[in-house]
Amino acid sequence: MTEEKNNPAGVEISAEPIIICDRVNKWFGEYHVLRDISITVAPQEVVVVIGPSGSGKSTFIRCINRLEEHQEGEIIVDGIAMGHDIRNIAAIRREIGMVFQQFNLFPHLTVLQNVMLAPTNVRRWSKEKAEAKARELLERVGIPEQAEKYPGQLSGGQQQRVAIARALAMEPKIMLFDEPTSALDPEMIKEVLDVMQELAKSGMTMVVVTHEMGFAREVADRVLFFDQGRLVESGTPDSLFDNPQHPRTKMFLSQIL
Amino acid sequence: MNSATTAQTSPSFFKRARAVITDLRFIRIVGQLVFFALIIFALTQLWNSMVTALTANNLTPNLTFMQNRAGFEIGGAQGYTPDNTYWDAFVVGLKNTLSIIVFGLLGTTILGILAGVFLLSGNWLLRNITRFFVEILRNTPLLVQIFIMFFVVVLSLPPLRDSFAVPRDGITIISYTVIAYVITAVVLWFVLRKASPARKTFGWTALAAAIIVITLAFWMASAQPAAWGNLYGAGSLGDIRFWIFIGLCAGAAVLGLFIPAKFRPSLWGAVTGVLIGGLLFYFGAIPASGLRLELSPVIYLNNRGLVYPEVYATSRFAEWFAFVALGFGFGIALFYYLRRLTETTGKPYPRLRYAVLVFLAFTIVGWLVVSGEPAPRNPLVEQDGALVGMPVQQALDEQLITREESLQYSTTPIEVVLPERRGLRFGSGQTISPEYSALLLALVVYTAAFIAEIVRAGILAVPRGQLEAARALGLSYSQLLRMVILPQALRVIIPPLTNQYLNLAKNSSLAIAISFADVYQVMNTVGNQSGQSVTAITIVMVTYLIISLIISFGMNWVNSRFQLVTR
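First, a word on scope: everything that follows refers to the structure included in this document.

Residue and element names in this part refer to chain A. In spatial order, the strands read β2-β1-β4-β5; together these 4 strands make up an open sheet with antiparallel pairing. The open sheet has two edge strands, β2 (31-41) and β5 (80-81), and neither has a second partner. Across 2 bridges, strand β4 (residues 72-77) lies against β5 in antiparallel orientation. When the bridges of β5 are listed, I76 appears paired with A81.

Of the residues lining the interface, 25 residues belong to chain B; the matching set on chain A comes to 29 residues. Summing both partners gives a buried area of about 2300 Å² for chain B against chain A, and 60% of it is carried by carbon and sulfur. The interface formed by chain B and chain A includes 2 salt bridges. With a closest N to O distance of 3.8 Å, R340 of chain B and E128 of chain A form a salt bridge. Linking chain B with chain A are 5 residue pairs in polar contact (both at pLDDT 80 or more). Where the side of chain B that touches chain A is concerned, the elements lending two or more residues are α11 (317-345), α16 (464-472) and α17 (477-507) of chain B. In terms of residue count, α16 of chain B provides more of the side of chain B that touches chain A than any other element does, 7 residues in total. Looking at side-chain class alone, the side of chain B that touches chain A contains 10 nonpolar, 10 polar and 5 charged residues.

Applying the stated criterion to the full structure yields 21 aromatic pairs over all chains. Their ring planes at 75° and their centres at 5.6 Å tell us that F132 of chain B and F133 of chain B sit as a pair that is edge-to-face. Residue class for F133 of chain B comes out partly exposed when judged on its relative accessible area of 46%. Summarising the aromatic geometry, the rings of F242 of chain B and F283 of chain B are spaced 6.0 Å apart at their centres and angled 80° between planes, so their arrangement reads as edge-to-face. Taken together, the residues F242 of chain B in helix α9 (residues 240-255) and F283 of chain B in the loop between α10 (264-282) and β3 (290-294) connect sequence positions 41 residues apart. Residue class for F283 of chain B comes out partly exposed when judged on its relative accessible area of 41%. Taken together, the ring pairs connect F242, W243, Y282 and F283 of chain B into an aromatic cluster. Its guanidinium or amino end placed over the ring of F106 of chain A, R166 of chain A lies 4.6 Å from that ring's centre, counting from NZ or CZ.

Conventions adopted
- Residues numbered from 1 in each chain as written.
- Chains lettered and ligands numbered in written order.
- Predicted model: local features only at pLDDT ≥ 70, side-chain atom pairs only at ≥ 80, totals over all residues.
- Heavy atoms only, no water.
- Pairing = 2+ DSSP bridges.
- Helix = DSSP H or I, 4+ residues; strand = E, 2+ residues; numbered from the N terminus.
- Contact = heavy atoms within 4.5 Å.
- Buried area = accessible area lost by both parts, 1.4 Å probe.
- Salt bridge = Lys/Arg side-chain N within 4 Å of Asp/Glu carboxyl O.
- Polar contact = N/O pair within 3.5 Å; in protein donor to acceptor, adjacent residues only side chain to side chain.
- Nonpolar A, V, L, I, M, F, W, Y, C, P; charged D, E, K, R; others polar.
- Phe/Tyr/Trp six-rings, centres within 6.5 Å; stacked < 30°, edge-to-face > 60°.
- Buried < 20%, exposed > 50% of the residue type's maximum accessible area, 1.4 Å probe, protein only.
- Lys NZ or Arg CZ within 6 Å of the ring centre and 35° of its normal.

This is how it looks when you write it as structure tokens:
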């Protein structure tokens, strides 16, 4: 769990997985959303999850930071077992940043306050340190001049970039993206994807649910295809997109490509 | 006013006039003027006919009659007698109304927010009990609720002779057993503060089991003296029942080895508790007597109201207050200094704790210093034609000095006079009347039911994504509520909350139903007595108008601070 720190960005993927999911099952009432999902993600790996809507892909990544509770199986993040103990859950959430489809910025706080909220209150950083970090991150996502504005005054793409900066401010080891571009106008999708691509290059471990096949092909180390709560097929982007094995995958890809 | 048509073809006068008349802006202005004129006309007609009618009865509306002698009693009013003027009666009523509104708003806000949060609680029982009460309170008339509060709840209290007193009048016996339980619990809490959950379960279960066993044993010994009575303090090792008891305990302890580890601490704790309790009982190590305390009651409760101590600021109060103010100032300064320090270094200091400690230290030291000053000489009173010094209490008892005069002779900054019963009334102590309590309770509870719904709706109005984003960032539940949910819920809550505040203020006039002397009840009497009903009602209306406006302005100011900034 400490090895990857000494590993220069993106050189190789270390053997010790940072996320381990072992036969994870989840039901919404009678409805079986996740069926025996077993996946490991290595540090600095970029995993893209695709699949038709209702296939359980969003539910799956929301289980990784316990926004949803799984009923069976085991999830271990960065060596911490996900249980019912709130201390474990809090520890896992500190290591994971998440970006949502609807941005979910706090509308009553300025952009800067949004980014600083968690570091000052969860990590207990000093205001100066948190603000310096926040400004650095806003610079990185390309909107340093919007720091004093409120989320309601920004465009969708700008809001999503603030959301990425807010998640990064906690210095997470893993970033989860839940359809980050689905609520954006077409001309704003690229600015968000550029930020994500830069993040992937810097060596961040990422799990991304998206419909952007171009992004998947270019950035992902591995693509997972979900259907009806099952992990149907996985592989490198080239093998999965160009040579899908499973008929369900073939059908899905033929519809969207 | 320029017409809609252009002047190129120089249209006829008629056409131009028509263009003016059909101009939207012209119609708007004329419409307003006509409406205004109609209203003025209607109001003057009403006013003139009213003044004519009143003048015919020699009752021209004016305010001079308010200087006349009131001539009626107001129950519980201090410093007011029937010889005071109508104005004085009005002031008494106004004070009562304001008191009801201020405490009512405070109480209803706290209760309403609590109930609102309960309505969203994950606890099924709590949620549904709250829902049940909210539905009942929302759907029955307030007037009925006030009567129920007054007759059923408040007047069902005992008569003055049998007042509830806290602490009890006369000798109170506190059992040594109970004292021992409390001491054990405190020690246990201290010892187990940082222990593992298993040990905590073990310790607390043991204590609970011991208490239950001892209580049960005493109860059995008194219920069936023949079979169990001689068991207390028997202490003999030859009794077969003693060995059966030991055997059962040992058996249960061994059983603990075969059950899931999760339940083991509870079982072993229970066995240990039962064993300790049983042995203490068997060897007679439990004292049956108690501590005898003679305490004077601080609070009396009866059907004439709630009587509580009088509190006076003495002539030394100002001096002590200087210490308190200084402590407050230093406390605030320290609080902000430590906060600044935390912000710059990131190291958390318990700033609130330190600030409170400084404040308390100043308060206590100030009290000691001020009380330690030399006592003043005894008051001089006239006795048999000569001035002699007499102890304060004695002079008070003989009514040679008043309570206010006695305050300059006391050594402490604050003088507390406990309520004292003298026959069928109280010689000292402040009284909250049953009418006041009933009205306040009914208003608080009724309005809180509406506020609960508003708070619930406000919290639900915050999008779920906000909650998820806050959770994903690792904020704790209380941080999430404080920093994300409440600030956003408040902007939805405040406008309808203002309405409920205004409702409470206006509903307080229902006091007349239970004869509580609020401003409306008093002015109603004034109007009836003087015949100046129009003036009296006008005064009431203006009073409520001013109160409502103050509440509205206050809430609008608060509201403006919670609105979101968008483009």
